[in-house]
Amino acid sequence: MQNHNGATAASQDSPASRALAITFAALLGVFVLGGVGFSHIDAMHNATHDVRHANAFPCH
């Protein structure tokens, strides 16, 4: 999306809003890798385990 002078809308985000977005993305990542990875539901645990190996993420 562009405004009237050609600058993109993303360049007008404040540093605080960028930091907030990065923080929420990091928390989601921690939940997916940690919370789902240690799940007692075997299908969820195995799927996360396979993704970790596919991305060369050490898990054991």
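Data block above holds the structure.
Position labels on residues start from 1 in each chain and follow its written sequence. Local features are withheld for residues below a pLDDT of 70 in this predicted model, meaning they are given only at 70 or higher, and side-chain atom pairs are given and counted only at 80 or more; totals for whole chains, interfaces and linings count all residues. Side-chain metrics rest on all non-hydrogen atoms present in the structure, leaving aside hydrogens and water.

1. Focus on the overall build of the chain
- Think of it this way: any DSSP run of H or I at least four residues long counts as a helix, any run of E at least two long counts as a strand, and we number them from the N terminus. For the chain, the count of helices and strands is two helices and zero strands.
- Here's how the labels work: a residue is buried when its accessible area is under 20% of the maximum for its type, exposed when over 50%, partly exposed in between, all with a 1.4 Å probe on protein chains only. A total of 60 residues make up the chain; the buried ones form 8% of that total.
- Here the open area of atoms and residues is found with the Shrake-Rupley method and a 1.4 Å probe, where only the protein chains shown may cover a residue. Of the roughly 4900 Å² of accessible surface on the chain, 69% is carried by carbon and sulfur atoms.

2. Points about the packing of helix α1 (residues 15-36) against helix α2 (residues 42-54)
- It is the contact of α1 with α2, at a shortest axis distance of 9 Å, that shows an interaxial angle of 120°. Considering their axes alone, α1 and α2 lie oblique with respect to each other. Residues Val32, Leu33, Gly34 and Val36 of α1 form the contact with α2, whose own contacting residues are Met44, His45, Thr48 and Arg52.
- Gly is put with the polar residues, along with every residue not named as nonpolar or charged; the nonpolar set is Ala, Val, Leu, Ile, Met, Phe, Trp, Tyr, Cys and Pro, and the charged set is Asp, Glu, Lys and Arg. Its residues assigned to classes, the contact of α1 with α2 comprises four nonpolar, three polar and one charged. Axis geometry follows a simple rule: fit a line to the C-alpha atoms, using only the stretch in contact for helices, then measure angles between N-to-C directions, giving values from 0 to 180 degrees. Working definition: roughly parallel below 35 degrees, roughly antiparallel above 145 degrees, roughly perpendicular at 65 to 115 degrees, and oblique for all remaining angles. Residues count as neighbours in contact if any of their non-hydrogen atoms are within 4.5 Å of one another.

3. Details of a nonpolar patch on the surface
- Nonpolar side chains (Val, Leu, Ile, Met, Phe, Trp, Tyr) are joined into patches within 5 Å and like charges within 9 Å, using only residues with over 30% relative accessible area and no salt bridge. What counts as a salt bridge is simple: a side-chain nitrogen of Lys or Arg found within 4 Å of a carboxyl oxygen of Asp or Glu. Among the surface-exposed residues, Leu20, Phe24 and Leu27 lie close enough to one another that they form a single nonpolar patch of about 330 Å² accessible area.
- Inspection of the secondary structure puts Phe24 in helix α1.

4. Quick look at α2
- With 13 residues, α2 extends 18 Å from end C-alpha to end C-alpha; this agrees with the ideal 18 Å at 1.5 Å per step.
- The first or second residue beyond α2 is Ala56, which carries a positive phi of 60°. One fewer than the residue count of a helix, multiplied by 1.5 Å, yields its expected span.

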